Amino acid sequence: MDKPRLGILGGMGPKATAVFMDKIIDHTDAERDQDHLDMFVVNHATLPDRTKVILEREESRFLAAIEQDFRLLEFAEATHIAIPCNTSHYFYDALQAMTHIPIIHMVDESVRVMASRYGRGSKIGLLATSGTVRSGIYEKTCDQHGLELHLPDEAVQNRIMRIIYHDIKGGLTPDPAIFEHIILNMIEQDQCSGVIIACTELSCIPLSDATGSYCVDAMDVLVRKSIEWAGKRYV
C-alpha cells in the first residue's frame, strides 16, 4: 500500500464525528480531490455510552462492543486510527491492545499542546463529560506534564452535561454565549491560564476569537495529528 489511510472510529457521537471529518477536509493542504486523505469511517452510534459505563464500572461492555470495529479498520488497511471521543481514551491501553494499527492519543497530544503553550506549573481548566472528569485521565496526564488541572464545581459540571446531552446530542442548538461565559469564568474567576475543551460535542459550539484564544480544543489537536501522521500538511 502506497498511501496512508486514516481510520476513524466514530459515532461517539455522530454529530461530533461529522464535524471531525469536515475539519480534516478543511485543514488538509489540498488543491484537488486526490490530495485529500483516504478515510474509512466506522460510525458506531449504538456503542454503550462511555460516561455511563465508566461511572457504573461496566467497562467490559464497551470494550466488547467496539472490538469488531478494529477488525473492519484492519480489513480496510488503515495506517492510523483517530477516535474523536475524549471519554473513550480512558480505555486507550485496552483499545490499542486490540489492534496493531497505531491509535492517536487525543488526550496526551492535547495536554502536550497546553504544556507547550503555558509552561509547567500552569493552572488549566477542563470542560468535559462527567465520565471524562471522573476517569481521571486528564488529571493523570496533566500531572505527567507538570500542569495543575482545575475541575468545574458541581453546578458548572451539571450545566456542561446538559449542554452535551440535552442540547447537542438531543439535536438542539446550544447558546454559544452560555458556553463562553463558563470558559471566561474559568479564566477570570478561577484564574486558569487556559481551558481544554475535552468533549467533541462541545467542539461543535462556535466560539469568538477572543474566547477561543484561551482554549485548546482536543478535537482540533486530533485533526492536526490525523493529517500530519498521514504525511500531509495542516493548514
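Refer to the structure printed above.
Here goes a summary of the coordinates provided. Values in this document were obtained by computation on a predicted structure and should not be read as measured data.

Phe20, Leu126, Tyr138 and Ile196 are the most contacted members of the largest nonpolar core, which has 33 residues in total. Among the elements of the structure, strand E1 (5-10), helix H1 (14-27), helix H5 (106-118), strand E4 (123-127), helix H7 (137-144) and helix H11 (218-229) are those that each provide at least two residues to this core. Sorting elements by how many residues they give to this core places H11 first, with six residues. If sequence neighbours within four positions are ignored, isoleucine 196 has contacts with Val111, Met114, Ile124, Gly125, Leu126, Leu127, Tyr138 and Val216. In terms of nonpolar packing, the next biggest core, distinct from the first, is built from 21 residues, Leu63, Tyr92, Met98 and Ile101 among them.

This part covers the pairing of strand E2 (residues 38-43). Here E1 pairs with E2 via six bridges, running parallel. By the bridge assignment, leucine 9 is partnered in E2 with valine 42. This β-α-β element, E1 to H1 to E2, shows right-handed connectivity.

The three strands lie next to each other as E2-E1-E3, forming an open sheet whose pairing is parallel. One side of each edge strand has no neighbouring strand; the edge strands of this open sheet are E2 and strand E3 (80-82). Strand-to-strand twist of the sheet, defined as the mean angle between neighbouring strand axes without regard to direction, takes the value 25 degrees. In this structure, E1 lies alongside E3, joined through three bridges in parallel fashion. By the bridge assignment, leucine 6 is partnered in E3 with histidine 80. Sheet strands in contact with helix H3 (residues 59-75) are E1, E2 and E3, and its direction is about 160 degrees off that of E1.

The rules we used
Residues numbered from 1 in each chain as written. Predicted model: local features only at pLDDT ≥ 70, side-chain atom pairs only at ≥ 80, totals over all residues. Heavy atoms only, no water. Core = buried A, V, L, I, M, F, W, Y, C linked by side-chain atoms within 4.5 Å. Buried < 20%, exposed > 50% of the residue type's maximum accessible area, 1.4 Å probe, protein only. Helix = DSSP H or I, 4+ residues; strand = E, 2+ residues; numbered from the N terminus. Contact = heavy atoms within 4.5 Å. Pairing = 2+ DSSP bridges. Right-handed = clockwise from strand over helix to strand, strands pointing away. Axes fitted to C-alpha atoms, helices over the stretch in contact; angles between N-to-C directions.

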